Amino acid sequence: MKNVSGPENSVFRKKGFFIALYSCLGVVAILAVVVTFANRGITSPYEDEPTVYVGADGVESYLAQAQEEAWFRPRQTPPPEPAPTPPPAQPQQRTQPRQAPEPPQIETPEPTAPEPAPPAPPPAPTVETFEPFTADAGMVWPLYGEVVMPFSDTHIWNTTFERWSTNDNLQIAAREGDPVRAGADGRVVAIGNNDFWQGNYVTIDHGDGWVSTLGQLMENVLVNEGDVVRAGEVIGGVGLPSIGSARSGTHARLQITHNDSLVNPYDLLQER
(Lines give C-alpha, C1' and ligand atoms only; values in the text may rest on other atoms or scores of the structure.)
Protein backbone atom coordinates (compact mmCIF):
# COMPACT_ATOMS: atom_id res chain seq x y z
CA MET A 1 0.00 0.00 0.00
CA LYS A 2 1.31 3.37 -1.04
CA ASN A 3 2.15 5.69 1.82
CA VAL A 4 0.69 9.09 1.13
CA SER A 5 2.16 11.99 2.98
CA GLY A 6 1.63 15.68 2.63
CA PRO A 7 -0.51 18.50 3.92
CA GLU A 8 -3.83 16.64 3.53
CA ASN A 9 -2.59 13.74 5.70
CA SER A 10 -1.52 16.16 8.40
CA VAL A 11 -4.97 17.68 8.48
CA PHE A 12 -6.65 14.33 8.94
CA ARG A 13 -4.23 13.49 11.66
CA LYS A 14 -5.12 16.65 13.51
CA LYS A 15 -8.88 15.99 13.19
CA GLY A 16 -8.47 12.50 14.50
CA PHE A 17 -6.52 13.76 17.41
CA PHE A 18 -9.26 16.20 18.40
CA ILE A 19 -11.99 13.61 17.98
CA ALA A 20 -10.13 11.21 20.23
CA LEU A 21 -9.52 13.94 22.73
CA TYR A 22 -13.20 14.97 22.85
CA SER A 23 -14.31 11.40 23.14
CA CYS A 24 -12.05 10.84 26.12
CA LEU A 25 -13.34 13.94 27.81
CA GLY A 26 -16.92 12.76 27.24
CA VAL A 27 -16.17 9.35 28.67
CA VAL A 28 -14.57 10.88 31.73
CA ALA A 29 -17.60 13.11 32.26
CA ILE A 30 -19.99 10.17 31.98
CA LEU A 31 -17.86 8.13 34.36
CA ALA A 32 -17.87 10.93 36.88
CA VAL A 33 -21.67 11.13 36.71
CA VAL A 34 -22.04 7.35 37.16
CA VAL A 35 -19.71 7.30 40.14
CA THR A 36 -21.52 10.20 41.73
CA PHE A 37 -24.94 8.51 41.34
CA ALA A 38 -23.53 5.26 42.74
CA ASN A 39 -22.11 6.94 45.79
CA ARG A 40 -25.28 8.91 46.57
CA GLY A 41 -27.66 6.02 46.00
CA ILE A 42 -29.44 7.86 43.23
CA THR A 43 -31.00 5.80 40.59
CA SER A 44 -29.41 6.15 37.18
CA PRO A 45 -31.50 7.49 34.39
CA TYR A 46 -31.15 4.18 32.81
CA GLU A 47 -33.09 2.26 35.43
CA ASP A 48 -33.55 -0.80 33.33
CA GLU A 49 -29.78 -1.41 32.97
CA PRO A 50 -27.65 -2.97 35.78
CA THR A 51 -25.21 -0.74 37.53
CA VAL A 52 -21.59 -1.63 36.68
CA TYR A 53 -18.88 -1.06 39.26
CA VAL A 54 -15.36 -0.99 37.87
CA GLY A 55 -12.00 -0.56 39.41
CA ALA A 56 -9.31 1.88 38.42
CA ASP A 57 -7.60 -0.63 36.23
CA GLY A 58 -10.75 -1.36 34.19
CA VAL A 59 -11.75 2.23 33.59
CA GLU A 60 -10.21 2.47 30.16
CA SER A 61 -11.86 -0.70 28.86
CA TYR A 62 -15.21 0.33 30.32
CA LEU A 63 -14.99 3.80 28.84
CA ALA A 64 -14.21 2.36 25.45
CA GLN A 65 -17.17 0.01 25.63
CA ALA A 66 -19.53 2.72 26.96
CA GLN A 67 -18.43 5.10 24.24
CA GLU A 68 -19.13 2.54 21.61
CA GLU A 69 -22.61 1.73 23.02
CA ALA A 70 -23.50 5.37 23.66
CA TRP A 71 -23.39 6.24 19.98
CA PHE A 72 -25.79 3.53 18.97
CA ARG A 73 -28.16 3.02 21.92
CA PRO A 74 -31.46 4.88 21.37
CA ARG A 75 -32.44 7.26 24.07
CA GLN A 76 -35.24 5.90 26.17
CA THR A 77 -38.17 8.18 26.52
CA PRO A 78 -40.20 8.16 29.69
CA PRO A 79 -43.46 6.31 29.37
CA PRO A 80 -46.45 8.54 28.64
CA GLU A 81 -48.48 9.53 31.60
CA PRO A 82 -51.79 7.74 31.80
CA ALA A 83 -54.68 9.72 30.43
CA PRO A 84 -56.92 11.09 33.13
CA THR A 85 -59.95 8.98 33.77
CA PRO A 86 -63.02 10.84 32.51
CA PRO A 87 -65.69 11.46 35.11
CA PRO A 88 -68.64 9.12 35.04
CA ALA A 89 -71.24 10.18 32.59
CA GLN A 90 -74.05 12.05 34.19
CA PRO A 91 -77.51 10.76 33.41
CA GLN A 92 -78.81 12.86 30.64
CA GLN A 93 -81.69 14.91 31.75
CA ARG A 94 -84.77 14.36 29.77
CA THR A 95 -85.61 17.54 28.08
CA GLN A 96 -89.18 18.45 27.71
CA PRO A 97 -90.43 18.87 24.19
CA ARG A 98 -90.23 22.43 23.10
CA GLN A 99 -93.59 23.98 23.16
CA ALA A 100 -94.69 26.13 20.34
CA PRO A 101 -94.82 29.79 21.34
CA GLU A 102 -98.25 31.00 22.17
CA PRO A 103 -99.71 33.33 19.60
CA PRO A 104 -99.67 36.95 20.68
CA GLN A 105 -102.80 38.02 22.45
CA ILE A 106 -104.57 40.71 20.50
CA GLU A 107 -106.14 43.14 22.88
CA THR A 108 -109.62 43.91 21.78
CA PRO A 109 -111.02 47.19 23.02
CA GLU A 110 -113.75 46.80 25.53
CA PRO A 111 -117.09 47.66 24.04
CA THR A 112 -118.07 51.10 25.08
CA ALA A 113 -121.53 51.79 26.23
CA PRO A 114 -123.56 53.41 23.49
CA GLU A 115 -124.08 57.07 23.99
CA PRO A 116 -127.51 57.81 25.31
CA ALA A 117 -129.89 58.82 22.64
CA PRO A 118 -130.82 62.46 22.72
CA PRO A 119 -134.10 63.04 24.40
CA ALA A 120 -136.99 62.87 22.07
CA PRO A 121 -138.39 66.25 21.24
CA PRO A 122 -141.58 67.01 23.05
CA PRO A 123 -144.62 66.18 21.01
CA ALA A 124 -145.96 69.02 19.01
CA PRO A 125 -148.83 70.64 20.79
CA THR A 126 -152.12 69.49 19.51
CA VAL A 127 -153.76 72.24 17.56
CA GLU A 128 -157.15 72.74 19.07
CA THR A 129 -159.90 73.01 16.56
CA PHE A 130 -163.44 74.26 16.62
CA GLU A 131 -166.56 74.03 14.52
CA PRO A 132 -166.97 76.99 12.18
CA PHE A 133 -169.75 79.40 13.08
CA THR A 134 -173.05 79.43 11.22
CA ALA A 135 -175.61 82.21 11.32
CA ASP A 136 -178.36 79.79 12.29
CA ALA A 137 -176.50 78.88 15.52
CA GLY A 138 -176.54 82.47 16.82
CA MET A 139 -174.11 84.17 19.22
CA VAL A 140 -174.00 84.69 22.95
CA TRP A 141 -174.31 88.26 24.21
CA PRO A 142 -170.94 89.56 25.48
CA LEU A 143 -172.75 90.78 28.59
CA TYR A 144 -176.25 91.88 29.50
CA GLY A 145 -176.94 95.56 29.84
CA GLU A 146 -178.67 98.55 28.30
CA VAL A 147 -177.80 99.29 24.68
CA VAL A 148 -176.54 102.89 24.77
CA MET A 149 -175.89 103.11 21.02
CA PRO A 150 -177.21 100.58 18.48
CA PHE A 151 -175.69 99.44 15.22
CA SER A 152 -176.99 101.58 12.34
CA ASP A 153 -176.16 101.84 8.68
CA THR A 154 -178.25 105.03 8.55
CA HIS A 155 -177.60 108.30 10.37
CA ILE A 156 -178.41 108.43 14.04
CA TRP A 157 -177.59 110.98 16.69
CA ASN A 158 -174.02 110.56 18.07
CA THR A 159 -173.96 112.02 21.57
CA THR A 160 -170.17 112.07 21.76
CA PHE A 161 -169.75 114.16 18.59
CA GLU A 162 -173.21 115.71 18.85
CA ARG A 163 -174.01 115.02 15.24
CA TRP A 164 -175.83 112.61 13.01
CA SER A 165 -173.78 109.65 11.73
CA THR A 166 -173.82 105.94 11.08
CA ASN A 167 -172.60 103.44 13.71
CA ASP A 168 -170.73 100.17 12.85
CA ASN A 169 -170.96 98.55 16.33
CA LEU A 170 -173.21 97.81 19.24
CA GLN A 171 -172.47 99.52 22.58
CA ILE A 172 -173.78 97.87 25.78
CA ALA A 173 -173.65 99.73 29.08
CA ALA A 174 -171.76 97.99 31.94
CA ARG A 175 -169.68 98.61 35.03
CA GLU A 176 -165.93 98.72 34.92
CA GLY A 177 -164.56 95.21 35.46
CA ASP A 178 -167.69 93.35 34.37
CA PRO A 179 -166.75 90.10 32.53
CA VAL A 180 -166.95 90.12 28.74
CA ARG A 181 -167.57 86.79 26.94
CA ALA A 182 -166.88 85.38 23.46
CA GLY A 183 -170.03 85.15 21.28
CA ALA A 184 -169.07 81.77 19.64
CA ASP A 185 -166.27 79.25 19.28
CA GLY A 186 -163.24 80.61 17.51
CA ARG A 187 -159.50 81.41 17.59
CA VAL A 188 -158.00 84.64 18.90
CA VAL A 189 -156.26 86.31 15.97
CA ALA A 190 -155.44 89.77 17.34
CA ILE A 191 -155.06 91.68 20.63
CA GLY A 192 -154.47 95.44 20.46
CA ASN A 193 -155.39 99.00 21.39
CA ASN A 194 -156.99 101.92 19.59
CA ASP A 195 -157.23 104.92 21.89
CA PHE A 196 -159.77 106.75 19.79
CA TRP A 197 -162.39 104.19 18.71
CA GLN A 198 -162.06 100.78 20.32
CA GLY A 199 -159.75 101.12 23.30
CA ASN A 200 -158.28 97.71 24.24
CA TYR A 201 -159.73 94.98 22.02
CA VAL A 202 -159.67 91.24 21.19
CA THR A 203 -160.48 89.92 17.68
CA ILE A 204 -161.80 86.33 17.27
CA ASP A 205 -162.02 84.36 14.01
CA HIS A 206 -165.08 82.07 14.17
CA GLY A 207 -164.44 80.40 10.85
CA ASP A 208 -166.25 80.46 7.56
CA GLY A 209 -165.53 84.21 7.20
CA TRP A 210 -167.12 85.26 10.51
CA VAL A 211 -165.10 87.59 12.75
CA SER A 212 -166.05 89.43 15.97
CA THR A 213 -164.19 92.22 17.79
CA LEU A 214 -164.83 93.01 21.47
CA GLY A 215 -163.59 96.49 22.54
CA GLN A 216 -163.49 98.92 25.46
CA LEU A 217 -161.76 96.27 27.60
CA MET A 218 -159.35 96.48 30.49
CA GLU A 219 -155.65 96.48 29.64
CA ASN A 220 -154.91 92.93 30.90
CA VAL A 221 -157.03 90.49 28.94
CA LEU A 222 -157.31 86.76 29.78
CA VAL A 223 -156.41 85.25 26.40
CA ASN A 224 -153.43 85.18 24.03
CA GLU A 225 -153.17 85.23 20.28
CA GLY A 226 -153.69 81.72 18.91
CA ASP A 227 -155.92 80.56 21.76
CA VAL A 228 -159.10 78.74 20.93
CA VAL A 229 -162.04 80.09 22.91
CA ARG A 230 -165.50 78.67 23.38
CA ALA A 231 -168.87 80.39 23.23
CA GLY A 232 -169.53 82.16 26.55
CA GLU A 233 -165.83 82.01 27.70
CA VAL A 234 -164.66 85.16 29.54
CA ILE A 235 -161.91 86.91 27.61
CA GLY A 236 -161.50 90.04 29.76
CA GLY A 237 -163.26 92.78 31.73
CA VAL A 238 -164.89 96.11 30.86
CA GLY A 239 -162.50 99.06 30.91
CA LEU A 240 -162.78 102.84 30.63
CA PRO A 241 -164.29 104.21 27.37
CA SER A 242 -162.08 105.56 24.59
CA ILE A 243 -162.18 109.14 23.27
CA GLY A 244 -164.54 108.35 20.36
CA SER A 245 -167.26 107.03 22.70
CA ALA A 246 -166.54 108.82 25.96
CA ARG A 247 -170.12 110.19 26.34
CA SER A 248 -171.56 106.68 26.12
CA GLY A 249 -170.18 105.93 29.58
CA THR A 250 -168.57 102.66 30.64
CA HIS A 251 -169.65 100.00 28.17
CA ALA A 252 -168.59 97.02 26.03
CA ARG A 253 -168.31 97.38 22.26
CA LEU A 254 -169.19 94.55 19.81
CA GLN A 255 -168.47 94.62 16.07
CA ILE A 256 -169.15 91.68 13.67
CA THR A 257 -168.09 91.17 10.03
CA HIS A 258 -168.67 88.41 7.51
CA ASN A 259 -166.18 88.23 4.66
CA ASP A 260 -165.01 91.75 5.68
CA SER A 261 -168.53 93.19 5.43
CA LEU A 262 -170.23 94.74 8.47
CA VAL A 263 -173.12 92.78 9.95
CA ASN A 264 -175.77 94.04 12.41
CA PRO A 265 -175.10 92.14 15.70
CA TYR A 266 -178.84 92.13 16.44
CA ASP A 267 -179.31 89.72 13.56
CA LEU A 268 -177.02 87.12 15.23
CA LEU A 269 -177.36 87.57 18.98
CA GLN A 270 -179.57 85.07 20.69
CA GLU A 271 -182.58 86.26 22.59
CA ARG A 272 -181.86 87.16 26.19
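Residues numbered from 1 in each chain as written. Predicted model: local features only at pLDDT ≥ 70, side-chain atom pairs only at ≥ 80, totals over all residues. Heavy atoms only, no water.

Side note on the overall build of the protein chain
The cut-off we apply is this: Helix and strand definitions here come from DSSP, where helices need a minimum of 4 consecutive H or I residues and strands a minimum of 2 consecutive E residues; each element is numbered from the N-terminal end. Relative accessibility thresholds used throughout: buried, under 20% of the residue-type maximum; exposed, over 50%; partly exposed, between the two (1.4 Å probe, protein chains only). Any two residues whose heavy atoms approach within 4.5 Å are treated as being in contact. Surface exposure here means Shrake-Rupley accessible area, sampled with a 1.4 Å probe, where a residue is shielded only by the protein chains that are shown.
The number of helices and strands found in the protein chain is two helices and 12 strands. Going residue by residue from the N terminus, the α and β elements of the protein chain occur as α-α-β-β-β-β-β-β-β-β-β-β-β-β. Here the protein chain holds 272 residues, and 28% of them are scored as buried. Long-range pairs, those at least 24 residues apart, make up 65% of the contacts in the protein chain between residues at least 6 apart in sequence. Of the accessible surface of the protein chain, which amounts to about 20,700 Å², a share of 56% is contributed by carbon and sulfur atoms.

Things to note about the pairing of strand S3 (residues 163-167)
Which entries qualify depends on this criterion: A pair of strands counts as paired when DSSP detects no fewer than two bridges linking them.
For strand S2 (residues 152-158) and S3, the ladder comprises four bridges, and the chain directions are antiparallel. By the bridge assignment for S3, Ser 152 is matched with Asn 167. The turn linking S2 back onto S3 is made up of four residues, and Glu 162 within it adopts a positive phi angle of 55 degrees.

Things to note about the pattern of salt bridges
Close approach of charged atoms lets side chains of opposite charge pair. Selection criterion: We count a salt bridge whenever a side-chain nitrogen from Lys or Arg sits within 4 Å of a carboxyl oxygen from Asp or Glu.
Scanning the entire structure with this criterion turns up four salt bridges. Notably, a salt bridge pairs Arg 253 with Asp 168, separated by 3.3 Å at the nearest N-O pair. Here the residue Arg 253 occupies a position in strand S11 (residues 251-258), and Asp 168 occupies one in the loop between S3 and strand S4 (170-173), the gap between them amounting to 85 residues. One salt bridge connects Asp 185 with Arg 230, and the closest N-O pair in it is separated by 3.6 Å. With Asp 185 in the loop between strand S5 (179-181) and strand S6 (186-194) and Arg 230 in the loop between strand S9 (228-229) and strand S10 (234-237), the pair connects residues that are 45 residues apart, well separated along the chain. The exposure class assigned to Asp 185 is partly exposed, which follows from its relative accessible area of 24%.

Brief notes about the nonpolar core
Our working definition: Note on terminology: a nonpolar core comprises buried Ala, Val, Leu, Ile, Met, Phe, Trp, Tyr and Cys residues joined through side-chain atoms within 4.5 Å.
With 26 residues, the main nonpolar core has Leu 143, Val 180, Val 202, Ile 235 and Ile 256 as its most contacted residues. Where this core is concerned, the elements lending two or more residues are S4, strand S7 (199-207), strand S8 (210-217) and S11. The residues touching Leu 143, leaving out its near neighbours within four places in the chain, are Ile 172, Ala 173, Ala 174, Pro 179, Val 180, Val 238 and Ala 252.

Considerations on the packing of aromatic side chains
The condition is simple: When the centres of two rings from Phe, Tyr and Trp lie within 6.5 Å, Trp using its six-membered ring, the rings pair. Their planes under 30 degrees apart give stacked, over 60 give edge-to-face, and anything left gives tilted.
All chains considered together, the criterion is met by four aromatic pairs. Aromatic side chains Trp 157 and Trp 164 sit 5.5 Å apart centroid to centroid with 70 degrees between the ring planes, which places their arrangement in the edge-to-face category. A residue is classified by how much of its surface remains accessible, and Trp 164, at 57% relative accessible area, is exposed.

Considerations on the environment of Trp 210
Note on placement: Trp 210 falls in strand S8. Through-space distance from the C-alpha of Trp 210 to that of Ser 261 is 9.5 Å; in sequence the pair is 51 residues apart. If near-sequence neighbours (up to four positions away) are discounted, Trp 210 is found in contact with Phe 133, Ala 135, Ile 204, Asp 205, Ile 256, Thr 257, His 258, Val 263 and Leu 268.

Let's talk about the side chain of Thr 203
Rules: We define a polar contact as two N or O atoms separated by no more than 3.5 Å, with the added condition that, inside protein, one atom must be a possible hydrogen donor and the other a possible acceptor, whereas residues neighbouring each other in sequence contribute only through side-chain atom pairs.
Within the secondary structure layout, Thr 203 lies in strand S7. In terms of polar contacts, Thr 203 uses its side chain to reach the side chain of Thr 213, at 3.3 Å. What Thr 203 contacts, discounting residues up to four positions off in sequence, is Arg 187, Val 188, Val 189, Ala 190, Val 211, Ser 212 and Thr 213.

Remarks on a nonpolar patch on the surface
What counts is decided by this rule: Without a salt bridge and with relative accessible area above 30%, a residue can belong to a patch; like charges are then joined within 9 Å and nonpolar side chains (Val, Leu, Ile, Met, Phe, Trp, Tyr) within 5 Å.
On the surface, a nonpolar cluster with roughly 420 Å² of combined accessible area is contributed by Phe 18, Leu 21, Tyr 22 and Leu 25. Examined against the element boundaries, Leu 21 turns out to sit in helix H1 (residues 7-40). For Leu 21, a relative accessible area of 37% gives the class partly exposed.

Let's talk about unusual backbone geometry
With the exception of glycine, the majority of residues adopt a negative phi angle, and the majority of peptide bonds are in the trans configuration. Within the chain, Asp 208 stands out as a residue other than glycine whose phi angle is a positive 60 degrees. Along the chain, Asp 208 falls in the loop between S7 and S8. We classify Asp 208 as exposed; its relative accessible area is 55%. Here the phi dihedral of Gln 216 falls at roughly 60 degrees; this positive angle occurs in a residue that is not glycine. In this structure, Gln 216 sits in strand S8. Given the relative accessible area of 0%, Gln 216 is considered buried.

Observations concerning the confidence of the model for the protein chain
To keep it simple, the criterion reads: Values of pLDDT, which run from 0 to 100, indicate the predictor's confidence residue by residue.
Of all residues in the protein chain, 68% have pLDDT values of 70 or greater, and the mean over the chain is 79. No element of the protein chain has a lower mean pLDDT than helix H2 (residues 59-72), at 56, and none a higher one than S5, at 98. Contacts from residues 1-5, a stretch scored under 50 in pLDDT, to residues over four places away or in other chains number one contact. In the model, residues 41-49 has pLDDT below 50 throughout and makes six contacts with residues more than four positions away in sequence or in other chains.

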